[in-house]
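Here are the chains, one letter per residue:
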Amino acid sequence: MRILLVYSHPVPESFNAAVRDTAVETLNRAGHDVKLLDLYAAGFDPVMHMQERRDYHTRDLNEDPVKDHIELLRWAEGLLFVYPTWWYGLPAMLKGWLDRVWVPHVTFTMPEGNQPIRPLMTHIRFLGAVTTCGAPWWWSKVVGEPGRRTILRGIGALCAKRCRKLWLAHYKMDASTDSSRRLFLEQLQSKLRRIR
């Protein structure tokens, strides 16, 4: 499977970098064709500027500012997001990528008359998110896990009907240990080896 791994963390020595590297290595060993999109390393600008917003609904014009990223989306059959959960949701960098790249006429159709939004990412057969989270599991549930909802429900609704989904979070990251981090990476490897 062609898998695009979208990575969002500004610190190169973070545990998220270990998660990213483990994911890339595991997927490659399993025979997948993996492309890594490191948003910080690429210098991605998450800010949607005035003209870009004005052109947001206009086919072709809305693709121009992020054409390379859209080509990656069209190439992919699977998407894996690796990021830290900050303030219960996606980092601004990743949210900005979704705002700017997941545009109408590329990832979904706009509703017309009685016709609802229609998904255009039906070539995506696998969708996953791997995150670190300072809060414990139970508190993340209380606040509704916005990142999980955005990726697995929101983006998932635009993918193939039988798209396989993965959510994996290392909770209580601020109190993590070498052992908890090692076990998490082992769990990640186990889950990713099952992707077909």
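Attention in this report is confined to the structure presented alongside it. (Residues numbered from 1 in each chain as written. Predicted model: local features only at pLDDT ≥ 70, side-chain atom pairs only at ≥ 80, totals over all residues. Heavy atoms only, no water.)

1. Describing the overall build of the protein chain
Under the convention used in this document: Segments assigned H or I by DSSP are reported as helices when at least four residues long, segments assigned E as strands when at least two residues long, and all are numbered from the N terminus. The contact criterion used is simple: two residues touch if any of their non-hydrogen atoms lie within 4.5 Å. With residues, only the protein chains shown are counted as cover, and all accessible areas are computed by Shrake-Rupley using a 1.4 Å probe. His is not counted, nor are the chain ends, whereas Lys and Arg count as positive and Asp and Glu as negative. By convention, the charge on Lys lies at NZ, on Arg at CZ, on Asp at CG and on Glu at CD.
A tally of helices and strands in the protein chain yields seven helices and seven strands. Starting at the N terminus, the α and β elements of the protein chain follow one another as β-α-β-α-α-β-α-β-β-β-α-α-β-α. A principal-axis box enclosing the C-alpha atoms of the protein chain has dimensions of 55 × 35 × 35 Å. Partitioning the intrachain contacts of the protein chain with sequence separation of at least 6 by distance along the chain shows that 79% fall at a separation of at least 24. Counting every atom, the protein chain has about 10,300 Å² of accessible surface; 52% of that belongs to carbon and sulfur. Positive and negative charge centroids in the protein chain, built from 28 and 20 side chains respectively, lie 10 Å apart.

2. Notes on the nonpolar core
Most often, soluble globular proteins keep nonpolar side chains buried together rather than apart. Heads up, the condition is: Nine residue types can take part in a nonpolar core, namely buried Ala, Val, Leu, Ile, Met, Phe, Trp, Tyr and Cys, and a core is a set of them joined through side-chain atoms within 4.5 Å. For every residue, the accessible area (1.4 Å probe, protein chains only) is compared with the maximum for its type, and the residue is labelled buried under 20%, exposed over 50%, or partly exposed between those bounds.
Ranked by size, the top nonpolar core spans 41 residues in total, and within it Leu4, Leu79, Phe81, Trp97, Trp102, Leu127 and Ile151 carry the most contacts. Elements represented by at least two residues in this core include exactly strand 1 (2-7), helix 3 (67-75), strand 3 (78-85), helix 4 (92-101), strand 6 (126-133), helix 6 (146-155) and strand 7 (164-170). Tallying contributions element by element places helix 4 first for this core, with five residues. Ignoring anything within four residues of it in the chain, the contact list for Ile151 reads Phe81, Tyr83, Leu90, Leu127, Ala129 and Gly156. Judged by nonpolar contacts, the second largest core, of 22 residues, contains Tyr7, Phe15, Val19 and Val82.

3. Comments concerning the sheet that holds strand 7
Threshold: Only when DSSP finds a minimum of two bridges between them are two strands counted as paired. Structural elements are reduced to axes, namely lines fitted to C-alpha atoms, with helices fitted over the stretch in contact, and the angle between N-to-C directions of any two is expressed from 0 to 180 degrees.
Spatially, 2-1-3-6-7 is the arrangement adopted by the five strands of the open sheet, whose pairing is parallel. Only two strands of the sheet have a single partner each, and these edge strands are strand 2 (33-38) and strand 7. Pairwise comparison of adjacent strand axes, ignoring direction, gives a mean angle of 15° for this sheet. Sitting on the sheet, helix 4 is in contact with strand 1, strand 2 and strand 3, with an inclination near 145° to strand 3.

4. Considerations on the pairing of strand 1
For the record, the criterion: By the criterion used throughout, a crossover qualifies as right-handed when its path from the first strand across the helix to the second strand runs clockwise, the strands pointing away from the viewer.
Most of strand 1 is tucked away, with five of its six residues classed as buried. Note that strand 1 and strand 2 share six bridges and pair parallel. Within strand 2, the residue paired with Arg2 across the bridge is Asp33. Chirality of the crossover, the property in question, places the unit of strand 1, helix 1 (residues 15-29) and strand 2 among those that are right-handed. In the sheet, strand 1 pairs with strand 3 via five bridges, with the strands oriented parallel. Bridge assignment links Leu5 to a residue of strand 3, and that residue is Leu80.

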